Structure formats: C-alpha cells, structure tokens
There are 2 protein chains.
Amino acid sequence: MLAHRLKQARLKANLSQEKLGKLAGIDPMSASARMNQYERGKHAPDYQLMCKVSEILTMPVSWFYTQDEDAAKLQEIFFNLSADNRKSILASAETLLARNTPVAATE
Amino acid sequence: MLAHRLKQARLKANLSQEKLGKLAGIDPMSASARMNQYERGKHAPDYQLMCKVSEILTMPVSWFYTQDEDAAKLQEIFFNLSADNRKSILASAETLLARNTPVAATE
DNA sequence: GTACTAAGAAATTCTTAGCAG
DNA sequence: CTGCTAAGAATTTCTTAGTAC
C-alpha cells in the first residue's frame, strides 16, 4: 500500500489516525500506533484492513495501491459515477484501445 | 492481493508459478512454494514483490488489488493506451462526473 | 487531542523437504 | 515439469508504554 495515499484520503475525510483506525475495527488501544505506522510506511496493513479503510474513506481499495497519478484519478472518478456513466466510459475506452497503436496496421 | 487475478494474469502470460517467481527475483529454491501460496491465497505477498510481478505480467499493479470487474477492465485498458488516449478518457470521465447525480441541482 | 516511536510479544510469511499428477 | 503442502525457521507486524506538541 502507498502510505501517501492513505494520508491524503484520511485528511480529506477529516479524521485523525486513531479515529480512522477505530472505525476500521482496530483495537482502540493500538489504533493510533498502527495507523501511524501504516501512514509513515513503517509497516504494511493487510488487504482486509485496507478494504475496511477504503469503505470508510469512500475510495476504491485499489486506489491505495495505484502508482500512476492519472490512473488513480480515473479510478476515483469511475468509483463515483453512476452505472450508466460507467458503462459509457468503459465503452469509450474499449473503442480507443481497438484503434490504439496498431502495431503495424493501417492495412 | 486477490489470488484469482494473479492466476489469471500468469496463465495469460503462459508462465508456471515457479518461473514467474524466479523472474520476480525470488530465491529459485522457494519460488515454486511461495508463488503457489500466493495464488492459492494461503499467504499474502508484499507490495514490492507485486510491483515486480506486475511488470513481468505487463499489468498495472493496482489491477491485482481491484475488486470490481469493470474497474479492473478499465485499468487494464488505460494501462495499454497511448498518452493522448489516456488524456482523452480522463477528460471524458471528468466531464461525466461533473454532470453525474447532481445531488439536488438542475437549478 | 494528535502525531509519533522503541522494543518486546505475537502473528505472519518463508524455506525446506517433500508428494501427486 | 507443474501444482501443491506441512511444519519449523525466519521475518514481519502488533501491542504496550510512552514522548512531544
């Protein structure tokens, strides 16, 4: 998981490290230490916990594992679109891919 | 990490569990056991290893952590688009979002 | 209240040594 | 050759008990 994404999303939600940890189901006694270790990149949370965190912060869980900025942005937008708009974007992307860098086409 | 995505991408690349592990830099002696444990969901690989695996399988690393099928498909397509086409899709998505489920707009 | 950390306790993964198809 | 597994070794995370602002 990318520590800076966790921090970014937590701050956007206006939660303290401890509060977020508690909401995610961590033992209140260790919520502060653990969330801090994750956010500083000291330790890595398991996927199951990140799924809970992503629900609380209303982000797709994969967003926390995304390196490319544009790909991250697209995931966030896609997550917030209606079902119809999702289909629309997916269809557009598929069309572009079909015409994308034709290895040696034009013929 | 979602075990079934690892299996899917590995098979698509026509690699054995052991070969993929070796290519990812795992000690050849334990590559088979470890990759099998990951693919069966017995143990979880760390993010750094998954980054190497994603490079070998030419998929975005976040794809392995993506639950929603359509979101996974979009990530894969986006990964394979040219820079210009990426910008185009991102712009379309942003436009759709701006008009998406206006909480109480039309006014 | 919030962010953060050291260090031992506890839990996890990794390696070895295999078996089965 | 490939997929797979048990179990101890090795490594990691988690908890506790704090500090500093």
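As a convention, each chain's residues are numbered from 1 in the sequence order in which they are written. Labels are handed out in written order, letters beginning with A for the chains and numbers beginning with 1 for the ligands. With pLDDT at 70 or above as the cut-off, local features in this predicted model cover only qualifying residues; side-chain atom pairs require 80 or more to be listed or tallied, and sums for whole chains, interfaces and linings still use all residues. The basis for every side-chain value is the complete set of heavy atoms in the structure, and neither hydrogens nor water enter the calculation.

Looking at an unreviewed UniProt entry, one finds chain A named DNA-binding XRE family transcriptional regulator and attributed to Jezberella montanilacus.

S.K.: In this structure, what is going on with the side chain of Q75 of chain B? I would like to understand it.
M.R.: Considering the arrangement of structural elements, one finds Q75 of chain B in helix α5 (residues 69-80). Accessible area is worked out with a 1.4 Å probe on protein chains only. A residue is then buried under 20% of its type maximum, exposed over 50%, and partly exposed in between. The class for Q75 of chain B is buried, based on a relative accessible area of 6%. Contact criterion: two residues are considered in contact whenever any of their non-hydrogen atoms come within 4.5 Å of each other. Setting aside its immediate chain neighbours within four residues, Q75 of chain B contacts S62 and Q75 of chain A together with P60, S62, W63 and T66 of chain B. The helix and strand labels rest on DSSP assignments: H or I over at least four residues marks a helix, E over at least two residues marks a strand, and numbering proceeds from the N terminus.

S.K.: What exactly am I supposed to notice about the interface of chain A and chain B here?
M.R.: Interfaces are often sized by the accessible area lost when the parts come together. Facing 31 residues of chain A, the contacting portion of chain B comprises 31 residues. Here the quantity called buried area is the accessible surface, traced with a 1.4 Å probe, that two parts lose on coming together, added over both. In total, chain A and chain B occlude about 2,800 Å² of area from one another, counting both sides; carbon and sulfur atoms represent 72% of this. Note on definitions: salt bridges are taken to be side-chain nitrogens of Lys or Arg within 4 Å of carboxyl oxygens of Asp or Glu. At the junction of chain A and chain B, the tally comes to zero salt bridges. Polar contacts, as counted here, are pairs of nitrogen or oxygen atoms within 3.5 Å of one another; within protein the pair requires one atom able to donate a hydrogen and one able to accept it, and residues that are adjacent in sequence qualify only if both atoms are side-chain atoms. Linking chain A to chain B there are two residue pairs in polar contact (both at pLDDT 80 or more). In terms of residues, the side of chain A that touches chain B owes the most to one element, helix α6 (residues 83-98) of chain A, which gives ten residues.

S.K.: Looking at this model, I keep getting lost on the protein's contact with DNA strand C. Mind explaining?
M.R.: The full set close to DNA strand C counts 17 residues, and Q17 and R40 of chain A together with S30, Y38 and H43 of chain B are the nearest of them. Working definition: residue near molecule or strand if any one of its non-hydrogen atoms lies within 4 Å of it. Taking all atoms of DNA strand C within 4 Å of the protein, the share assigned to sugar and phosphate is 67%. N36 of chain A places a side-chain nitrogen or oxygen 3.0 Å from a sugar or linking oxygen of DNA strand C. Within the backbone of A44 of chain B, a nitrogen or oxygen atom sits 3.0 Å from a phosphate oxygen of DNA strand C. Considered class by class, the residues forming the surface near DNA strand C number five nonpolar, eight polar and four charged. Residue classes follow a fixed rule: Ala, Val, Leu, Ile, Met, Phe, Trp, Tyr, Cys and Pro count as nonpolar, while Asp, Glu, Lys and Arg count as charged, and any other residue, Gly among them, counts as polar.

S.K.: Honestly, the relation of the copies chain A and chain B in this entry has me stumped. Any pointers?
M.R.: The two chain copies are related to each other by a rotation about an axis together with a translation along it. Superposing chain A onto chain B takes a rotation of 180° plus a shift of 0.0 Å along the axis, which leaves an RMSD of 0.0 Å. The symmetry that links the two subunits is that of a two-fold axis. No C-alpha of chain A lies nearer the rotation axis than that of S62 of chain A, which sits 2.7 Å from it. Looking at chain A, 100% of its interface residues are interface residues in chain B too, so the copies touch through the same face. The least-squares superposition of copies is restricted to C-alpha atoms, and to residues with a pLDDT of at least 70 in both copies.

S.K.: How should I be thinking about the packing of aromatic side chains in this particular structure?
M.R.: Each aromatic ring pair is characterised by the separation of its centres together with the angle its planes make. Residues and elements named next belong to chain A. Side-chain rings of Phe, Tyr and Trp (the six-membered ring for Trp) are treated as a pair once their centres are within 6.5 Å; stacked means planes under 30 degrees apart, edge-to-face means over 60, and tilted covers the remaining angles. A full pass over the atoms with the stated rule returns seven aromatic pairs over all chains. Plain terms: the ring middles of Y47 and Y65 are 6.1 Å apart, the flat faces sit at 50° to each other, and that makes the pair tilted. Taken as a pair, Y47 in helix α4 (residues 47-56) and Y65 in the loop between α4 and α5 (69-80) lie far apart in primary sequence, 18 residues in all. The exposure class of Y47 is buried, given its relative accessible area of 14%.

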